[in-house]
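# Residue-level structural notes
Chain by chain, the residues:
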Amino acid sequence: MDNINDIVSRNIRSARQERKLSLEELSRLSGISKSMLVQIEKGTGNPSLSTLWKIANGMKLPFSQLIAQPQAPYKIVRLSDIDPITEESGKLKNYVLFPDNEDQRFSIYYIEVVPGYGWASEAHVRETVEYITIFSGELELGLGDKTFRLKAGESIRFKGDVKHSYRNTGDMPLVFHNILYNP
């Protein structure tokens with residue numbers, strides 16, 4: 001299995017070239033510096049989750065297109081084989097189980113979050129729908145002026161094309177699947 005930075009590097013470069021964007025143009029669209037984009041495309045950068053979202057949104061791509069691998073007829077996925085995308089020194093670990101592609105309009109993530117940690121998500125590509133299932137811990141999900149609290153064994157579906165926030169409000173690690181559907 002390829003290293004996540006190598007996969008991201010190839011996919012960003014390919015998407016940028018398909019759109020005939022220069023690094024300067026992508027920098028302007030995403031708000032990420034040209035020097036950071038150069039490092040990411042060379043595979044020497046270690047982009048954060050928020051950096052990758054900004055690049056995806058700047059190119060108007062589903063996030064999972066940046067992390068997609070070529071698809072085989074079947075695939076067994078083991079967490080121990082995946083390099084997670086992390087935030088805040090490992091307070092959040094996002095394991096990409098199944099990225100989407102042209103034949104599959106959804107992606108599946110396994111996410112682990114330490115107690116007390118929270119983050120805000122930018123709006124995803126238009127009409128994206130998120131499906132979350134909690135396996136352990138407690139999730140506080142903010143959607144506009146509404147707040148939802150979910151525990152193990154509970155799930156929620158919502159429009160992900162608006163800003164939203166997540167927080168582990170429990171005293172144990174939060175573990176959940178996040179499925180993003182891109183129509």
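Position labels on residues start from 1 in each chain and follow its written sequence. In keeping with the model being predicted, local features are shown solely for residues with a pLDDT of at least 70 and side-chain atom pairs are shown and tallied solely at 80 or more, while totals for entire chains, interfaces and linings include all residues. Only heavy atoms go into the side-chain values, all of them from the structure, while hydrogens and water stay out.

### Section: the overall build of the chain
How we decide: Helix and strand assignments come from DSSP, with helices taken as H or I runs of at least 4 residues and strands as E runs of at least 2, each series counted from the N terminus. Radius of gyration here is computed from C-alpha atoms only, and the compact-globule reference equals 2.2 Å multiplied by the residue count raised to the power 0.38. A 1.4 Å probe rolled over the protein chains alone gives each residue an accessible area, and that area as a share of the maximum for its type sets the label: buried under 20%, exposed over 50%, partly exposed in between. In this analysis, two residues are considered to be in contact whenever any of their non-hydrogen atoms come within 4.5 Å of each other. Under the convention used here, a 1.4 Å probe and the Shrake-Rupley method define accessible areas, while residue burial counts only the protein chains that appear.
When you go through the chain residue by residue, the secondary structure sums to five helices and ten strands. Since a compact globule built from 183 residues should have a radius of gyration of about 16 Å, the 16 Å found for the chain is in line with a globular shape. The buried share of the chain, taken over its 183 residues, is 45%. The long-range share in the chain, meaning contacts at least 24 apart out of those at least 6 apart in sequence, stands at 65%. A total of about 10000 Å² of accessible surface is found on the chain, and carbon and sulfur atoms cover 48% of it.

### Quick notes on the pattern of salt bridges
Side chains carrying opposite charge are able to pair once their charged atoms draw close together. Stated formally: Throughout this description, the term salt bridge denotes a Lys or Arg side-chain nitrogen within 4 Å of a carboxyl oxygen of Asp or Glu.
The final tally for this structure, using the stated rule, is four salt bridges. With a shortest N-O distance of 2.6 Å, Arg16 and Glu41 are connected by a salt bridge. With Arg16 in helix α1 (residues 4-18) and Glu41 in helix α3 (residues 34-42), this pair connects stretches of sequence that are 25 residues apart. Comparing Arg16 with Glu41 shows no difference in burial state: the two are buried. With its nearest N and O atoms 2.8 Å apart, the salt bridge here joins Glu140 to Arg149.

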